[in-house]
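Here are the chains, one letter per residue:
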Amino acid sequence: MRTGRRRIILHIALAAILLHSTGSSPAATAASTPMPQVRAATSWDCAILNPLDITTGPDGALWFTDPAGAIGRITTAGVVTAFSDPLLELPFMITAGADGNLWFTHLASDAIGKITPAGEISMYTDPSLDQPWGITAGPDGSVWYANLYGSSIGRIEPDGTITDFPIPAEHLPPSGDLNAIDIAAGPDGNLWFTNLGVDWIGRLTPSGDLTTFEDPSIVRPYGIAAGPDGNLWFANQGGDSIGRITTDGVVSSFTAAGLVDPAGIAAGPDGNVWFTNHAGSTIGRITPAGAISLFSGPGIDDPVLITSGPDGNLWFTKNFGNAIGRITPAGVVTTFDARPAGPFTDVPSNHQFCRDIQWLADNDIADGFPDGTFGPTLLTSRQAMAAFLRHALDDSSFTPPTTPTFSDVPPTHTFYADIEWLAANDIAGGFPDGTFGPALPTSRQAMAAFLRHALDDSTFTPPTTPTFSDVPPTHTFYADIEWLADRRITNGFPGGTFEPTQPTSRQAMAAFLHNALVSSTT
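About the thresholds
- Residues numbered from 1 in each chain as written.
- Predicted model: local features only at pLDDT ≥ 70, side-chain atom pairs only at ≥ 80, totals over all residues.
- Heavy atoms only, no water.
- Helix = DSSP H or I, 4+ residues; strand = E, 2+ residues; numbered from the N terminus.
- Buried < 20%, exposed > 50% of the residue type's maximum accessible area, 1.4 Å probe, protein only.
- Areas by Shrake-Rupley, 256 points an atom, 1.4 Å probe, with all protein chains shown as cover.
- Pairing = 2+ DSSP bridges.
- Axes fitted to C-alpha atoms, helices over the stretch in contact; angles between N-to-C directions.
- Polar contact = N/O pair within 3.5 Å; in protein donor to acceptor, adjacent residues only side chain to side chain.
- Contact = heavy atoms within 4.5 Å.
- Phe/Tyr/Trp six-rings, centres within 6.5 Å; stacked < 30°, edge-to-face > 60°.
- Lys NZ or Arg CZ within 6 Å of the ring centre and 35° of its normal.
- Parallel < 35°, antiparallel > 145°, perpendicular 65-115°, else oblique.
- Lys, Arg positive; Asp, Glu negative; His and termini not counted.
- Salt bridge = Lys/Arg side-chain N within 4 Å of Asp/Glu carboxyl O.

Asker: Any chance you could explain the overall build of the protein here in plain terms?
Answerer: Along the protein, the regular secondary structure elements total six helices and 31 strands. Within the protein, buried positions represent 55% of all 522 residues. With the model as given, the accessible surface of the protein reaches about 20000 Å², and the carbon-plus-sulfur share is 52%.

Below is the structure:
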């Protein structure tokens, strides 16, 4: 997998080389059926950061990707649900499959993903996958995708069987990277695709026969879609135009004042084709005859990709606006905040620690306060830390002793069982005077020790050179704090310090716990 190339889709600039139109048949690689990773994604209340691609799902809602690590669902009334999971590091393009699920490309792991309407995620990998980009439901019941750096078109069947169709060398630029971008099922039963490596449009039959079509007006074509007129339409980024190609390969190009850097394109419910005019911050409509109208105004700034919705409208993403837009065929625009409500009233979806705090709530580690708040900046007491750890490690079977271990924690104490659990598991020994100090705040150094002992990582050997300037090797908690750094549970503060005696806030505690427990199981 190549790294360093994950740029926003509209800012990829690659040299284009004109190739002649020929017909050829890529030799398909042997089909393979990888065993998928299957996980139930978490319904997420935290921020959708950068909605990218969007499609109509089988459930009558719109589904969209967030490369920051989530897949979102928005109803036609504007209600947003987000699904997140550690598997979702960089979901990219998305389509509805014939099997009633949503399929998406995943750049971070070179994989094709599937998410059910209920949120169960399956990830399929294969050696032929190299930065898969565009994806579409094919005419054969399978899902087809374009390999950005693999210079191939791939097919994945509902059971996960993958077949790769490499593009023959005579069609590739000198770099060897075709940079196939978008793909669509055509009205002729074939797959049509664009690329940024050479200036042609490709057509691939389901059996793998390739034909390429060139025309001087084709310059870095991006989005492609089947139109309502029986032709294919594409966004010609390099030519600042909209292109039309018949199923026989006849190309026409259309432009208009203000048409700059078109990207997404889709057939509209009104018999026209609609597209996003990214650099121009407009939504465009083009009739089958080539007449272009551009719609601008509030809510249309920075549109990225577009799809036809189940409600007779067009829906589009705003990659840097945290929003999903809707435009009627008459041009009336409504935008919806793509960020769902936060998990607590004082933890909005864009809160720095939202995902950590939601993880606590989802795993029944912390419920917050009766008034619906979490108190993220409140300090974490030692008694609360005991409860958090016990709940996180799901040790509900523990029976506390009748005789208390600590003089200040009697059996009637609210956190008696939690604190006794710490003692019984050698996670905390209290103070020399026999007390535990339940109401005292948990220092960051104590937090380090709690976590390390709770996860029973006694084999760790700390480095001889300290990570933090204020935690030398002679520090009582040196090994515990270095363990945190080694496991990437914390990076400390910007100045290179750890601040070991500083009390731990509830939001920091959430991050510590989340990072420690997720990193120990993934």
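Asker: Any chance you could explain the sheet that holds strand β21 (residues 232-236) here in plain terms?
Answerer: Strand pairing in a sheet relies on backbone hydrogen bonds. The paired strands run either parallel or antiparallel. In spatial order, the strands read β20-β21-β22-β23; together these four strands make up an open sheet with antiparallel pairing. Two strands in the sheet have a free side with no partner beyond their single neighbour: β20 (221-226) and β23 (251-254). Ignoring which end each strand starts from, the neighbouring axes of this sheet average 25 degrees apart. Inspection of the sheet shows strand β22 (residues 241-245) paired to β23 by four bridges, in the antiparallel sense. Its bridge partner lying in β23, I245 is registered against V251.

Asker: Which parts of the structure should I look at to understand the pairing of strand β19 (residues 210-214)?
Answerer: Successive side chains on a regular strand alternate, one facing one side of the sheet and the next facing the other. Of all five residues making up β19, four are buried, and the element is well covered by its neighbours. For strand β18 (residues 200-204) and β19, the ladder comprises five bridges, and the chain directions are antiparallel. Considered in β19, the bridge of L204 is made with L210. In this structure, the hairpin formed by β18 and β19 is closed by a connection of five residues, where G208 is found at a positive phi of approximately 105 degrees.

Asker: Please explain the environment of T399 as it appears in this structure.
Answerer: One can find T399 in the loop between α2 (382-392) and α3 (416-424). Note: C-alpha distance between T399 and A417 (18 residues apart in sequence) is 7.3 Å.

Asker: I'm lost on the pairing of β18 in this one. Help?
Answerer: With five of its five residues buried, β18 lies for the most part within the structure. A two-sided burial pattern is seen for β18, the buried positions comprising W200, G202 and L204 on one face and I201 and R203 on the other. Inspection of the sheet shows strand β17 (residues 191-195) paired to β18 by three bridges, in the antiparallel sense. Each residue of the ladder has a partner; that of W192, found in β18, is R203. What sits between β17 and β18 in their antiparallel hairpin is a turn of four residues.

Asker: When you look at the side chain of S152 in this model, what are you seeing that I'm missing?
Answerer: Locating S152 in the fold gives a position in strand β14 (residues 152-156). In this structure S152 comes out as buried when scored by relative accessible area, which is 0%. Within the local environment of S152, its side chain forms a polar contact with the side chain of D164, the two groups lying 2.7 Å apart. Apart from the residues lying within four places of it in its own chain, the contact partners of S152 are S128, Y145, A146, N147, D164, F165, P166, I167 and A180.

Asker: I'm lost on the packing of aromatic side chains in this one. Help?
Answerer: Two aromatic rings are characterised by how far apart their centres lie and by the angle between their planes. According to the stated counting rule, one finds 12 aromatic pairs in the structure shown. Look at F344 and F374: their rings are 5.3 Å apart centre to centre, the planes differ by 40 degrees, and that puts the pair in the tilted class. Here F344, found in the loop between β31 (333-337) and α1 (354-362), pairs with F374, found in the loop between α1 and α2; they are 30 residues apart in sequence, far enough to count as distant. Using a relative accessible area of 10% as the deciding quantity, one classes F344 as buried. Taking NZ or CZ as reference, R444 lies 4.4 Å from the ring centre of F498, over its face.

Asker: Please explain the sheet that holds strand β12 (residues 132-137) as it appears in this structure.
Answerer: Pairing in this open sheet of four strands is antiparallel, and the strands run β12-β13-β14-β15 from one edge to the other. This sheet does not close on itself; its edge strands, each paired only once, are β12 and β15 (162-166). On average, each strand axis in the sheet is inclined to that of its neighbour by 20 degrees, with strand direction left out of account. Note that β14 and β15 share five bridges and pair antiparallel. The residue bridging R155 from the neighbouring strand is T163, located in β15.

Asker: Quick question: what am I supposed to make of the packing of helix α4 (residues 444-454) against helix α5 (residues 478-486) here?
Answerer: When two helices pack together, their arrangement is given by the angle between the helix axes and the distance between those axes. Their axes nearest at 8 Å, the elements α4 and α5 cross at an angle of 75 degrees. Relative to α5, α4 is oriented roughly perpendicular. Counting all contacts with α4, which are made through Q445, A448, A449, L451, R452 and H453, the residues of α5 involved are A479, D480, I481, W483 and L484.

Asker: Looking at this model, I keep getting lost on the side chain of R203. Mind explaining?
Answerer: Tracing the backbone shows R203 in strand β18. D188 is the oppositely charged side chain nearest to the buried, salt-bridge-free R203, at an N-O distance of 4.7 Å. A polar contact is formed between the side chain of R203 and the backbone oxygen of T247, at a distance of 2.8 Å. Here R203 is in contact with D188, N190, L191, W192, F193, D209, L210, T211, F213 and T247, once residues within four sequence places are set aside.

Asker: Please clarify how the pattern of salt bridges should be interpreted in this entry.
Answerer: Charged atoms that come close allow side chains of opposite charge to pair. Going through the model one piece at a time under the given rule, you end up with five salt bridges. In this structure, the salt-bridge partner of R390 is D418, at a minimum N-O distance of 3.1 Å. Remark: D418 occurs in helix α3 and R390 occurs in helix α2; sequence separation between them is 28 residues. One exposure class covers both R390 and D418, and it is buried. Measuring nitrogen to oxygen at the nearest pair gives 3.2 Å for the salt bridge that ties D480 to R452.

Asker: Just checking my understanding: could you explain α2 for this structure?
Answerer: Because an α-helix packs 3.6 residues into every turn, residues spaced three or four apart end up facing the same way. Judged by how many residues are buried, α2 sits mostly within the fold: nine of 11 residues are covered. Taken residue by residue, α2 has R382, Q383, A384, M385, A386, A387, F388, L389 and R390 as its buried positions.

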